[in-house]
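Chain by chain, the residues:
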Amino acid sequence: MPNAQHPCTDTLTFAGRVITLKRPMAEFAARRLQAILPQIAALNAAGKSQADAAAALDTTVCTLRTWLDLTNTQWVNLNRRGPYAKRR
């Protein structure tokens, strides 16, 4: 739970539509996420890996995955390893 001194929000606006977050987050963090959502969408549409996208956004893969989870965004270029890998 965010600090009680910071107001929380559970929605973002991106490309004219309202995105409901999985859990509330502080408004200052939501504003930052809302500002980089267009970059995340562009990197996803370009088929970049999560590692490349995280490097372009100057953040970590873990943080990128948290943002994707909060906004219910599916990443298109996932290289699965192990028994879940797609057979070619």
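Up top you'll find the structure we're talking about.
1. A closer look at the packing of helix 1 (residues 27–45) against helix 3 (residues 61–70)
Then step 1. Between helix 1 and helix 3, the least distance of the axes is 12 Å, while the angle of their chain directions is 95 degrees. The pairing of helix 1 with helix 3 is recorded here as roughly perpendicular in orientation. For the pair helix 1 and helix 3, contact is made by Arg32, Leu33, Ile36 and Ile40 and by Leu64, Trp67 and Leu68, respectively.
Then step 2. Of the residues that constitute the contact of helix 1 with helix 3, the class distribution is 6 nonpolar, no polar and 1 charged.

2. Overview of the pattern of salt bridges
Then step 1. For the structure on display, the rule yields 1 salt bridge.
Then step 2. With a shortest N-O distance of 2.8 Å, Lys22 and Asp69 are connected by a salt bridge. You can see Lys22 sitting in strand 2 (residues 17–26) and its partner Asp69 sitting in helix 3, a full 47 residues away along the chain.
Then step 3. Accessibility expressed as a relative area gives 34% for Asp69, which makes it partly exposed.

Cut-offs used in this document
- Residues numbered from 1 in each chain as written.
- Predicted model: local features only at pLDDT ≥ 70, side-chain atom pairs only at ≥ 80, totals over all residues.
- Heavy atoms only, no water.
- Axes fitted to C-alpha atoms, helices over the stretch in contact; angles between N-to-C directions.
- Helix = DSSP H or I, 4+ residues; strand = E, 2+ residues; numbered from the N terminus.
- Parallel < 35°, antiparallel > 145°, perpendicular 65-115°, else oblique.
- Contact = heavy atoms within 4.5 Å.
- Nonpolar A, V, L, I, M, F, W, Y, C, P; charged D, E, K, R; others polar.
- Salt bridge = Lys/Arg side-chain N within 4 Å of Asp/Glu carboxyl O.
- Buried < 20%, exposed > 50% of the residue type's maximum accessible area, 1.4 Å probe, protein only.

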